There are 6 protein chains.
Amino acid sequence: MNDVEAPLHAIREVVARALAEDLTPLGDITAALLPLDSDVIARLVPRQDGVLAGRRCADESFAQVDTDTKVSWAADDGQEVSTGDVIATVTGRLSSVLTAERTALNLLGHLSGVATLTRRYVRATHGQARIRDTRKTTPGLRSLEKAAVRAGGGVNHRGNLSDGILLKDNHLAGIGIGEAVRRARLRWPGRTVEVECDTIDQVRQALDAAADLVLLDNMSPAEVADAVGLVGKALLVEVSGGVTLDSVRAYAEAGADLISVGAITHSAPILDIGLDL
Amino acid sequence: MNDVEAPLHAIREVVARALAEDLTPLGDITAALLPLDSDVIARLVPRQDGVLAGRRCADESFAQVDTDTKVSWAADDGQEVSTGDVIATVTGRLSSVLTAERTALNLLGHLSGVATLTRRYVRATHGQARIRDTRKTTPGLRSLEKAAVRAGGGVNHRGNLSDGILLKDNHLAGIGIGEAVRRARLRWPGRTVEVECDTIDQVRQALDAAADLVLLDNMSPAEVADAVGLVGKALLVEVSGGVTLDSVRAYAEAGADLISVGAITHSAPILDIGLDL
Amino acid sequence: MNDVEAPLHAIREVVARALAEDLTPLGDITAALLPLDSDVIARLVPRQDGVLAGRRCADESFAQVDTDTKVSWAADDGQEVSTGDVIATVTGRLSSVLTAERTALNLLGHLSGVATLTRRYVRATHGQARIRDTRKTTPGLRSLEKAAVRAGGGVNHRGNLSDGILLKDNHLAGIGIGEAVRRARLRWPGRTVEVECDTIDQVRQALDAAADLVLLDNMSPAEVADAVGLVGKALLVEVSGGVTLDSVRAYAEAGADLISVGAITHSAPILDIGLDL
Amino acid sequence: MNDVEAPLHAIREVVARALAEDLTPLGDITAALLPLDSDVIARLVPRQDGVLAGRRCADESFAQVDTDTKVSWAADDGQEVSTGDVIATVTGRLSSVLTAERTALNLLGHLSGVATLTRRYVRATHGQARIRDTRKTTPGLRSLEKAAVRAGGGVNHRGNLSDGILLKDNHLAGIGIGEAVRRARLRWPGRTVEVECDTIDQVRQALDAAADLVLLDNMSPAEVADAVGLVGKALLVEVSGGVTLDSVRAYAEAGADLISVGAITHSAPILDIGLDL
Amino acid sequence: MNDVEAPLHAIREVVARALAEDLTPLGDITAALLPLDSDVIARLVPRQDGVLAGRRCADESFAQVDTDTKVSWAADDGQEVSTGDVIATVTGRLSSVLTAERTALNLLGHLSGVATLTRRYVRATHGQARIRDTRKTTPGLRSLEKAAVRAGGGVNHRGNLSDGILLKDNHLAGIGIGEAVRRARLRWPGRTVEVECDTIDQVRQALDAAADLVLLDNMSPAEVADAVGLVGKALLVEVSGGVTLDSVRAYAEAGADLISVGAITHSAPILDIGLDL
Amino acid sequence: MNDVEAPLHAIREVVARALAEDLTPLGDITAALLPLDSDVIARLVPRQDGVLAGRRCADESFAQVDTDTKVSWAADDGQEVSTGDVIATVTGRLSSVLTAERTALNLLGHLSGVATLTRRYVRATHGQARIRDTRKTTPGLRSLEKAAVRAGGGVNHRGNLSDGILLKDNHLAGIGIGEAVRRARLRWPGRTVEVECDTIDQVRQALDAAADLVLLDNMSPAEVADAVGLVGKALLVEVSGGVTLDSVRAYAEAGADLISVGAITHSAPILDIGLDL
């Protein structure tokens, strides 16, 4: 695994599940009409410009259907690809290649779609902030989508509920920020504590409580600039809530360190990639 | 299961996987800071207008985290919901509700997103054609997404490679439509045979071969109208390939019986639904 | 996968489950008494004449126990084999071969048993009808048994409840054939609709409703001939219900296109195949 | 679990797998045409006389599809049932009952078939020997089939390769019975050691080696009587290899303690049980 | 889940696996000899003083074997229990209780053993430092063991390799602490960065690099005191490496914030708990 | 598999689960900072003297993370290893080796710990009795721990509840030893029957009932000697209950054939093995 790829065990499981889903119980009844001895050289070709992600998912899809199918890549995860590029060559039995095609393309298209949309947000910040994902991922694909975000140039927020403390309004009700952060430090020392803030006053409380990050929820760029002015370098400032490709630059220029965008995982259209024989 | 819901076993598996993904290994370390005896009444409220799908996924998410959490619905899968509607009430322990929230919302948002986009396509046909999905679904979620398409008013194409014959150009190369259909009838009698056609001549061959459907790939509405004129009621005419919300009506008016749209599953943005305490 | 083999993922899963079943928790405690450095060449030999099916299941059984075991086949799935033929040669460590033996033979014997009984029915029709399987398969083995039916020369009915509509008496009660077929066409356009008929009058209704197939349940050959006379080539006629090796020819001669036989999967005795060292 | 039932975890897993197999990915598309509010009282009725087994598999099948379906039994596993008996009443939604029907009946029919054939062998011994199963079970169903054998009045041989030592000719080659038993006692003290014997001389060696059982393979009843005469009560005598319903009594009368029959699991036809509405 | 319990999905999976392990394929063949109608009231009683952990594992073990078995607790996870205390009462069928007993006790004993040893370390620090676990947990039980550590009064280090950065000597070779921390901040902003240090000079580098924690590996208490003096409150100081019950107090008094001890998970003897009828 | 190794399928499953546990969802975020092209030769080196077990678990851990990592062993399972020995050499990408390190070491350390403690007990008997394990194993690891016991020179008791009859006081209550053994012989002929005895009188009853073994529970060595004197060679005598390294020799000298020790699996500290680069 390199740092823009998901762990191999996660890829194997997702592909096995996807193939079972597509081939149960009779297999590919159309490909079954084809001669077994017909070999093919096929090419993976984007129909749109974008950022590649999910190469090993495609490898795994072809290999799980037929260990004799070979894939040779001309691009890496994280690399920008253009319409018409031959990004990979697939060699193997015609029927095996066609049977695995849709599973490979579904994963490649979805993950490249995530990477591509992430890259657009990253670009839109002009290097003045980092784009983070959220836990708003597709159930069963978190590991792969978070890797695709990294391939797109984004960074990962919490992997899940177990790897960081994020105190939202519902957690704070009744105890207040100071007490909540104190409890978090006590119970989970050595872990990042982030506090969701709706107002500058809450940002001040989070600062006083020595949180590690504040998550400014649904604030305007101007409010974000105020918050950044208040906290300085004492903690990281993250912006969240309805940030769009149009508004992201303003938030970045307002001084946010991190901007988290649910849409890059939950609403990314696929990158259309085809298999040409 | 009613006819717009996925089978229960599929829902149970997807939810179990999603919760494991979100709670491994330490559980919800933020909710762990909350008192156990704090109960809550929460409401599921759409932030956008759309079509609801995935109710039982939400039920299952809350129940798998804590069997004492109860969900009471004010809307059904397939029903149109509006911004601000209270579509469900969730009653239970505060920490249990917060722990399950994201998994429930990820599924509800994604599936309602699929249903909502499907409904938009269905509306755009003005009842002159049926909208079908494709196999371009999210790996691991096919069963749920295909149910969401039905909730949106669409109909399902093949469930997978095993439940229908679809002869594409790559299958036809070297043998021709007539021979391919003949083989399919011989090998898989009693099953639907659909033939992908790029030209009117191929449509004629499919008609001669007595296929059940033709899939007109990337044709213009005018070409579709020609094909419809040719085949009459002898077989079903399906249109596919890059159909958009703008172009779908023209294809419907050209006489297509079915219009298949990959985007309703592979590129549907979520329907934003929130949990309010 | 060729067209008489199950998809590889299904074979892998069944074999893994079978080996876990046979080797948990201590492994093969008898083979553990053998020296590790003892190699063997073994032969798979039928003790009865029959039709081979399940070769890749045997391959997978030996390989999952020990990747160094090699199997070389002298016969293909679907081929007739005779008592005493050497159908395969297995080379590897003695203890590994003995540990995998029973799992390999259980699968090979069961699936070849299905193929063999299927072939007997196929033969008995003298080419005048096709033999189809049913959903009366062994739980957990549907994919493999349906492939064995194909190896035997039969064809597959529905893979499962999700890939075709079969309206039985219990579905028709209260709505009637015409309305039921109409609903099916509306809800599931482009899919095969088959109607179970107990009487000629029902066949007429199915014909009027333009169903794709009728399933004549428990009719005599004479009644089947009447039905065939009625429908002509307008739809496929399938016979079902208690057809035996004795009666199958009469049904075939009565003009049925398809004859479905539950016994070929639910009551096929094994084909006895042994491993000789 | 009583002593003729499989452990509950095994039943749950088999049923879950069978339902997934039958309902993936679209569910029961025929039952989806039925009204949801239609309730039904159905009856499980054998079409043949036989021995019931697998009741909890049927319970589990109906419950996993719809927790509201209730099954009430009038017979127990192991009990003889007659054609036309109402052995159980199933109450629930029509569509849920029909969706679960085939899975429930496949399991009930297969396991009752195993129990029924076992009972026939048991009867044929006239109480002079016990009928044992083998490891020749259907992959994935060992636990259930072994329980069905007990329901039929038989007893279980090894559960798997890990729970008893059975020295066959291939294990004995090169070391001899005495040495093999000695090694087995040393490596696995406190476990049963059974020795497969093809000749009286081997029986004598097994006796000298103080094995716990001898497995007389493919001997005639007369040879078995000789072996029994030789060993007396010193160890248990088991007969195996091609025993049929015709020959089993002769083996029992020859004095065998145990007669193992692969056919009761690998070649038992189903007991035909139907669901009547 | 409260904050000393593992997430329910993890408990369910571990128990299901453990029961399958203990009951495959024939179930509890000894309990099968017991009458089914014999009920029992049993008591869980520690044979040693210690700290309870894993109550829900016991609940789940009894329930998965027989949903009618009820467990009523007189103690909570995290509570100290004494030899002879009745910590729970189990009511149900005798055979069901005996079948589940070992699985319940194995989990309860192991997890209470972890909690008990953790509590001893916690006590030994006299409140001057926190005891942390490591990733040296038993494969398959991490989630449960980490909860048991919390029940014992300890706190959790990383849940796994994915939820925090810990730069060890092997990661630092060739790049140095400053550069490694810089890369970590860039790649994974908002996450805790801990640096393993073998020397005071490395501690200084980690301080300069603004790491969040230093992990002092195999230092003496005096060296730890030096390091603490150096860093003050600028970052958290964790001690690791061969800390024993004898030495832990000295490290705590040297000013370490956290002391991580692998032995509490990898070498904790069980707490002996019995089931008395 | 040799006779001191667990079956391969069990090892594969445990390792896959352990890696998923350690790498979900983001993989190894620290190793992700390392260059991908950096190769390494690492050595597995014990920090303590002990007995090696679990080699194939380590192989599998490295291979599942990266198929290019190679492990070459200088010691076998069951062999004694000394502090500082290079027992294996691991060659591969630096990041892959570090990612797999902890999983490999956790399994190797735990299983070698079991083997090492077993060996100490074996040694302490001076060859006068055999050490047996119990069902007090770590949930999910039974197959591996029982193999480690064999590597340590011990022998295995029951693999699980399904492979032998052990009548304990709770089973005997109300029916008595004679009747219980009779039932066991009837229900499960050809299986080992062991009777737990608390008194000499019960031993006499077990002897009269012709049990295969007696399990002397919590008796003193003198009482054991009495029991051994009573039974002679008629059945095997096993001692159980609180046997320690101090007391085991006395039990062995008292004439017990088998001494079962729960501590070798439930309370074995790990053997500390490190990975040196």
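Conventions adopted
Residues numbered from 1 in each chain as written. Chains lettered and ligands numbered in written order. Predicted model: local features only at pLDDT ≥ 70, side-chain atom pairs only at ≥ 80, totals over all residues. Heavy atoms only, no water. Helix = DSSP H or I, 4+ residues; strand = E, 2+ residues; numbered from the N terminus. Buried < 20%, exposed > 50% of the residue type's maximum accessible area, 1.4 Å probe, protein only. Contact = heavy atoms within 4.5 Å. Areas by Shrake-Rupley, 256 points an atom, 1.4 Å probe, with all protein chains shown as cover. Lys, Arg positive; Asp, Glu negative; His and termini not counted. Charge placed at Lys NZ, Arg CZ, Asp CG, Glu CD. Buried area = accessible area lost by both parts, 1.4 Å probe. Salt bridge = Lys/Arg side-chain N within 4 Å of Asp/Glu carboxyl O. Polar contact = N/O pair within 3.5 Å; in protein donor to acceptor, adjacent residues only side chain to side chain. Pairing = 2+ DSSP bridges. Axes fitted to C-alpha atoms, helices over the stretch in contact; angles between N-to-C directions. Expected span 1.5 Å × (residues − 1). Bend = angle between axes of the 7 residues up to and from the residue. Domains from an automatic or database assignment. Least-squares fit on C-alpha atoms with pLDDT ≥ 70 in both. Nonpolar A, V, L, I, M, F, W, Y, C, P; charged D, E, K, R; others polar. Right-handed = clockwise from strand over helix to strand, strands pointing away. Parallel < 35°, antiparallel > 145°, perpendicular 65-115°, else oblique. Left-handed = near helix turned anticlockwise from the far one by under 90°.

Novice: I'm lost on the overall build of chain A in this one. Help?
Specialist: The helix and strand tally for chain A stands at 10 helices and 12 strands. Of all 277 residues assigned to chain A, the portion counted as buried reaches 65%. Counted over contacts in chain A with a minimum sequence separation of 6, partners at least 24 positions apart contribute 72%. Accessible area of chain A: about 8900 Å², with a carbon and sulfur share of 48%. Positive and negative side-chain charges in chain A, numbering 29 and 38 respectively, have mean positions lying 5 Å apart.

Novice: What is the right way to look at the interface of chain B and chain C in this model?
Specialist: Where the parts come together, the accessible area they lose is often given as the size of the interface. Listed as interface residues are 23 residues of chain B and, on the opposing side, 23 residues of chain C. Summed over both partners, the interface of chain B with chain C buries about 1800 Å², with 42% contributed by carbon and sulfur atoms. If you look at where chain B meets chain C, you find four salt bridges. Across the pair Asp163(C) and Arg191(B) runs a salt bridge whose closest N-O atoms are separated by 3.1 Å. For the pair chain B and chain C, the number of links is 13 residue pairs in polar contact (both at pLDDT 80 or more). Elements supplying a minimum of two residues to the side of chain B that touches chain C: β6 (130-132) and α6 (177-187) of chain B.

Novice: What should I look at first to understand the sheet that holds strand β7 (residues 165-167) of chain C in this one?
Specialist: Through backbone hydrogen bonds, the strands of a sheet pair up, either in parallel or in antiparallel fashion. Residue and element names in this part refer to chain C. Spatial ordering of the open sheet is given by β6-β11-β10-β9-β8-β7, a layout of six strands whose pairing is parallel. Each edge of the sheet is formed by a strand with only one pairing partner; in this case those strands are β6 (130-132) and β7. Averaged over all pairs of adjacent strands, the angle between strand axes in this sheet comes to 25 degrees, irrespective of strand direction. Inspection of the sheet shows β7 paired to strand β8 (residues 193-197) by three bridges, in the parallel sense. Residue pairing across strands places Ile-165 opposite Val-193, the latter belonging to β8.

Novice: Please explain the side chain of Arg132(C) as it appears in this structure.
Specialist: Here Arg132(C) shows up in strand β6. Residue class for Arg132(C) comes out buried when judged on its relative accessible area of 2%. A polar side-chain atom of Arg132(C) sits 3.0 Å from the main-chain carbonyl oxygen of Pro189(B).

Novice: Honestly, the pairing of strand β1 (residues 39-46) of chain D in this entry has me stumped. Any pointers?
Specialist: On a regular strand, each side chain points to the face opposite its neighbour's, so the side chains alternate between the two faces of the sheet. Residue and element names in this part refer to chain D. Both β1 and strand β5 (residues 88-93) contribute to a ladder of six bridges, which runs antiparallel. Across the sheet, Ala-42 pairs through a bridge with Val-90, a residue of β5. As defined by bridge partners, β1 adjoins strand β12 (residues 273-276) across four bridges and the pair is classed as antiparallel. Pairing of Pro-46 across the sheet is with Ile-273, part of β12.

Novice: Explanation requested: helix α3 (residues 94-124) of chain E in the structure shown.
Specialist: Residues and elements named next belong to chain E. Relative to the 45 Å expected for 31 residues at 1.5 Å per residue, α3 spans 42 Å between its end C-alpha atoms, a close match to the ideal helical length. Of all the bends in α3, the greatest, near 40 degrees, is centred on Glu-101. The buried fraction of α3 is high, at 28 of 31 residues. Positive backbone phi, approximately 50 degrees, marks His-126, located one or two places after α3.

Novice: Is there a simple way to think about the domain arrangement of chain A in this case?
Specialist: Residue and element names in this part refer to chain A. On domain assignment, one finds that chain A holds domain 1 (8-122 + 269-276) and domain 2 (125-266). Each of domain 1 and domain 2 has a C-alpha centre, and these two points are 34 Å apart. Each side of the interface is counted separately: domain 1 has 21 residues, and domain 2 has 24 residues. Across the domain 1/domain 2 interface, buried area totals approximately 1600 Å², and carbon plus sulfur atoms make up 71% of it. It is Thr-118, Tyr-121 and Val-122 that lose the most area in domain 1 upon contact with domain 2, and together they represent 41% of the buried surface on that side. For the pair domain 1 and domain 2, the interface holds zero salt bridges.

Novice: Is there a simple way to explain the relation of the copies chain A and chain B in this structure?
Specialist: Two copies of one chain are present, and they are related through a rotation about an axis combined with an axial shift. The two copies are related by a screw operation: chain A maps onto chain B through 180 degrees of rotation and 0.0 Å of translation along the axis, at an RMSD of 0.0 Å. In short, the pair behaves as if placed about a two-fold rotation axis.

Novice: Quick question: what am I supposed to make of the pattern of salt bridges here?
Specialist: Pairs can form between side chains of opposite charge once their charged atoms are near each other. Residue and element names in this part refer to chain A. Applying the stated criterion across every chain yields a total of 120 salt bridges over all chains. Note that Arg-185 is salt-bridged to Asp-212, the shortest N-O span being 3.0 Å. Taken as a pair, Arg-185 in helix α6 (residues 177-187) and Asp-212 in the loop between α7 (200-208) and β9 (213-217) lie far apart in primary sequence, 27 residues in all. For Arg-185, a relative accessible area of 28% gives the class partly exposed. According to the relative accessible area criterion, Asp-212 is partly exposed, its value standing at 27%.

Novice: What is the right way to read the relation of the copies chain B and chain C from this model?
Specialist: For the match of chain B to chain C, the screw axis carries a shift of 0.0 Å, the RMSD comes to 0.0 Å, and the turn is 180 degrees. Taken as a fraction of all interface residues of chain B, those also at the interface in chain C reach 100%, which identifies the copy contact as same-surface.

Novice: I keep staring at the interface of chain A and chain B and nothing clicks. Help me out?
Specialist: Chain A puts 54 residues into the contact, and the matching count from chain B is 54 residues. Interface area for chain A against chain B, summed over the two sides, is near 4800 Å², with a carbon-plus-sulfur share of 59%. Counting the contacts that link chain A with chain B gives four salt bridges. Where Arg135(A) meets Asp22(B), a salt bridge forms, and the shortest distance between an N and an O atom there is 2.6 Å. Viewed at the interface, chain B and chain A are joined by 34 residue pairs in polar contact (both at pLDDT 80 or more). When contributions to the side of chain A that touches chain B are tallied by element, the ones reaching two or more residues are α1 (8-23), α3 (94-124), β7 (165-167), α5 (169-172) and α6 of chain A. Here the residues of the side of chain A that touches chain B are counted per class, giving 26 nonpolar, 15 polar and 13 charged.

Novice: Explain the arrangement of the chains to me, please; I cannot follow it from the model alone.
Specialist: Contact between chain C and chain E is absent, and the minimum C-alpha spacing across the pair is 7 Å. Spatially, chain B and chain F are disjoint, and the shortest separation between their C-alpha atoms is 7 Å.

Novice: How should the pairing of strand β10 (residues 236-240) of chain B be read in this particular structure?
Specialist: All names here are of chain B. Burial of β10 is extensive: four of the five residues sit out of reach of the surface. For strand β9 (residues 213-217) and β10, the ladder comprises five bridges, and the chain directions are parallel. Note that in β10 the partner of Leu-213 across the bridge is Leu-236. Handedness of the crossover is the feature at issue here: the chain leaves β9, passes through helix α8 (residues 221-231), returns alongside β10, and the resulting connection is right-handed. Bridge analysis of β10 against strand β11 (residues 258-260) gives three bridges, and the strand direction is parallel. Note that in β11 the partner of Glu-238 across the bridge is Leu-258.

Novice: I tried to follow the sheet that holds strand β1 (residues 39-46) of chain A on my own but got confused; where do I start?
Specialist: All names here are of chain A. Overall, antiparallel pairing links the four strands, which are arranged β3-β5-β1-β12 in an open sheet. The outermost strands of the open sheet, each flanked by one partner alone, are β3 (70-73) and β12 (273-276). For this sheet, the mean inter-axis angle between neighbouring strands, taken without regard to orientation, is 20 degrees. As judged from the four bridges shared by β3 and strand β5 (residues 88-93), these two strands associate in the antiparallel manner. Paired with Ser-72 across the strands is Thr-89, a residue of β5. Against the sheet, helix α2 (residues 55-65) makes contact with β3, β5 and β12, and its axis sits at roughly 160 degrees relative to β3, the strand it touches most.

Novice: Help me out: how do you make sense of helix α1 (residues 8-23) of chain B in this one?
Specialist: At 3.6 residues per turn, the α-helix brings residues three or four places apart onto the same side. Residues and elements named next belong to chain B. Helix length check: α1, at 16 residues, gives a terminal C-alpha distance of 22 Å against a target of 22 Å (1.5 Å per residue), a fit within 8%. Along α1, 12 of the 16 residues are buried, which leaves the element largely enclosed by surrounding structure. Within α1 the residues assigned to the buried category are Leu-8, His-9, Ala-10, Ile-11, Val-14, Val-15, Ala-18, Leu-19, Ala-20, Glu-21, Asp-22 and Leu-23.

Novice: Sorry if this is basic, but what is going on with the packing of helix α3 (residues 94-124) of chain D against helix α4 (residues 142-151) of chain D here?
Specialist: Residue and element names in this part refer to chain D. Two numbers describe how α3 lies on α4: the axes approach to 7 Å, and their chain directions differ by 45 degrees. In terms of their interaxial angle, α3 and α4 are classed as oblique. α4 is crossed by α3, and the crossing has right-handed handedness. In contact with Leu-107, His-110, Leu-111, Val-114, Ala-115, Thr-118 and Arg-119 of α3, α4 contributes Leu-144, Glu-145, Ala-148, Val-149 and Ala-151. A breakdown of the residues in the contact of α3 with α4 according to their chemical character gives eight nonpolar, two polar and two charged.

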